[in-house]
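Coordinate inspection notes
These are the residues of each chain, in order.
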Amino acid sequence: MIARWRRLSLRARLTAALALIFGAMLMTYALTVYLLIRDRFAAELDHRLDQELEIAERSLGRDADGRLVWQHAHEPLEGEAERLRNVSWLDVWSADGQRVVRRQDAATASGETPVLPLDAGWTGLRSLELPGEVHLRLLQRRVTLEGETLLMRAALREDDFARGLIVVLWVMAGGLPVALLIAGAGGYWLAGRGLAPIQRMAIEAERMHAERLDARLPVANPFDEPGRLAIAFNALLARLEAAFAQLRRFTADASHELRTPLTVIRSVGEVGLREPHTEAEYRDIIGAMLEEVDRLTLLTTMLLELTRAEGGRTAMKREPFDLRKLVEDVAGFLAVLAEEGRVRIECDLPTVPVTASGDWTMLRQALVNLLDNAIKHSPPDAVVAIACRTHADRAEITVADQGPGIPAEHLPHVFDRFYRVDVARSRRDGNRGGFGLGLAIARWAAEAHGGRITAESAPGRGSIFRLVLPGAIAPSGSETKATP
Ligand code: ADP
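Nothing here was measured: the structure is a model prediction, and the numbers come from that model. (Residues numbered from 1 in each chain as written. Predicted model: local features only at pLDDT ≥ 70, side-chain atom pairs only at ≥ 80, totals over all residues. Heavy atoms only, no water.)

1. Remarks on the overall build of the protein
- Counting its regular elements, the protein contains twelve helices and 15 strands.
- Here the protein holds 484 residues, and the buried ones make up 36% of them.
- Restricting to contacts in the protein with at least 6 residues of sequence separation, those with at least 24 account for 65%.
- A total accessible area of about 28,400 Å² is found for the protein, and carbon and sulfur atoms account for 58% of it. (Helix = DSSP H or I, 4+ residues; strand = E, 2+ residues; numbered from the N terminus. Buried < 20%, exposed > 50% of the residue type's maximum accessible area, 1.4 Å probe, protein only. Contact = heavy atoms within 4.5 Å. Areas by Shrake-Rupley, 256 points an atom, 1.4 Å probe, with all protein chains shown as cover.)

2. A short note on the confidence of the model for the protein
- The pLDDT averaged across the protein works out to 83; a share of 87% of its residues lies at or above 70.
- Contacts of residues 427-431 to residues separated by more than four positions or lying in other chains number eight contacts, the stretch itself having pLDDT below 50.
- Taken as a whole, residues 474-484 scores under 50 in pLDDT and shows 34 contacts with residues more than four places along the chain or in a different chain. (pLDDT = per-residue confidence, 0-100.)

3. Details of helix α12 (residues 438-448)
- Burial analysis of α12 places eight of its eleven residues in the buried class, which makes it a mostly covered element.
- Along α12, the residues that are buried comprise G438, L439, A440, I441, A442, W444, A445 and A446.
- For α12, the elements touching its buried residues are α7 (279-310), α10 (360-376), β13 (452-457) and β14 (463-470).
- Phi for G450, located one or two positions after α12, is positive at around 80°.

4. Quick notes on the side chain of E292
- If you trace the backbone, E292 turns up in helix α7.
- Notably, E292 is buried but unbridged: the nearest opposite-charge side chain belongs to R295, and the N-O separation is 4.3 Å. (Lys, Arg positive; Asp, Glu negative; His and termini not counted. Salt bridge = Lys/Arg side-chain N within 4 Å of Asp/Glu carboxyl O.)

5. Notes on the nonpolar core
- Ranked by size, the top nonpolar core spans 44 residues in total, and within it L323, L367 and L371 carry the most contacts.
- If one sorts the elements of this core by residue count, α10 sits on top with nine residues.
- Not counting residues within four places of it along the chain, the set of residues in contact with L323 comprises V354, A356, C388, A395, I397 and L469. (Core = buried A, V, L, I, M, F, W, Y, C linked by side-chain atoms within 4.5 Å.)

6. Some remarks on the pattern of salt bridges
- For the structure on display, the rule yields 17 salt bridges.
- One salt bridge connects R344 with E346, and the closest N-O pair in it is separated by 2.9 Å.
- One salt-bridge network, in which partners are shared between bridges, spans D393, R394, E396, E456 and R466.

7. Things to note about the site of the ligand
- The immediate surroundings of the ligand are formed by 20 residues, with N373, D401, V421, G436 and L439 found nearest.
- For the ligand, an oxygen atom lies 2.9 Å from a polar atom in the backbone of V421.
- G438 has a polar backbone atom sitting 3.4 Å from an oxygen atom of the ligand.
- Contact with the protein chains hides 97% of the accessible area of the ligand, taken as 530 Å² for the molecule alone.
- Elements supplying a minimum of two residues to the shell around the ligand: α10, α12 and β14.
- With three residues, α10 is the largest single contributor of residues to the shell around the ligand.
- Per-class residue counts for the shell around the ligand are nine nonpolar, eight polar and three charged. (Near = heavy atom within 4 Å. Polar contact = N/O pair within 3.5 Å; in protein donor to acceptor, adjacent residues only side chain to side chain. Nonpolar A, V, L, I, M, F, W, Y, C, P; charged D, E, K, R; others polar.)

8. Examining α10
- With 17 residues, α10 extends 24 Å between its outermost C-alpha atoms, agreeing within 8% with the 24 Å of an ideal straight helix rising 1.5 Å per residue.
- Counting buried positions along α10 yields twelve of 17 residues, so the element is predominantly enclosed.
- Among all positions of α10, only M362, L363, A366, L367, V368, N369, L370, L371, D372, N373, A374 and I375 are buried. (Expected span 1.5 Å × (residues − 1).)

This is the structure:
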């Protein structure tokens, strides 16, 4: 049942629910109205009986012989005569049980309504059903007329009243399905109108595919629910479009980067095969080819690292370690490189441990990339300064060089993948990176630790790269150590 209900369209379900609620409300309303009308009718009937007896009481008198008679001398109040004619019948009994007066309407007189015998045992109101489906309402009361106690009884047929009620019932019974039908049709129309934008969105969304991510859903009204859904969906599409575009760029850049060393290997090989060479020449050729193979290996490793990292598939460790140790380790690792370029590395480290929690290998790679760049871009006899500072809520490692700096227009992009400021110069760096991936990897490592990397630079005034990691304790004091 529930499964079948769920399979219905939202429009059908809304219509059914609306009709159901409306139906229940209408039924309750109709029942209340019916009960009220019935009570009102019944009260009215009793009131009329009471009035009949009152009028009758006033109309009774005695003739010269002392017999009870219907006195017409007394001028009835307006409407009284008319009322007396409405009563089915009216009896007056004397105290000894003799019926002294009887008035009855045409139907009663013709014998259709059996006349009830005296039952002096009760007074008040009573309903009676007589043979022949005759429903009567009786009012019996004792009155005293000139010292004599009389019993008066008035009776009214309830049939008129019942007929009125039946008409009310019929109107309600007939009106209910019509009202339900109107409610259902109205609900169906309203639901249709309300859901139309969603329907249009569904049609539009079905037409979309990966190649058409620039398409957007129509927003009929940005303030209502379908409008907000469309806006949210469009924002999602925009993000997807950007992600797809980035992926496409990445694939194109990666293939381009991979093709260059392959072309070099191929042409070196072809040159080698074209004519005979000496052993030394062959060694050179193979050496050149292996150099490119090294570049290829490095590039594929970096690409793999990046894609794994961005796919969130690298298992990140969370271990506490001393950031000073990390800085010393990286400075030691690149000391030879610095020596080759006649660059001096200066470390400015606090005297007490700076405990950071994270993945040593990842952060080491990030710092290697920063320091490697600094050394690469430093002129001979320049200084590269690494400093480790702690603040209440973060630790900072800065790598400052005295290189050419980065032009302002390139600065916002240096962390993008495959972004290089000077492509020609980067390629000359041989197998020391130069793919434009080093800073992208460093930024990813920082962000994976909840931190960030920022760059400050101006042409001719060197660059400062700042690696910020959250959650370190602030120690005091620092020492400066130089590595030639
Ligand atoms: P690459 O591996 O090519 O160095 P990176 O992502 O490490 O790629 O750097 C991106 C670009 O930023 C490089 O092309 C380089 O020109 C520039 N860059 C990075 N670090 C420095 C620096 N310390 N001084 C000057 N330019 C830098």
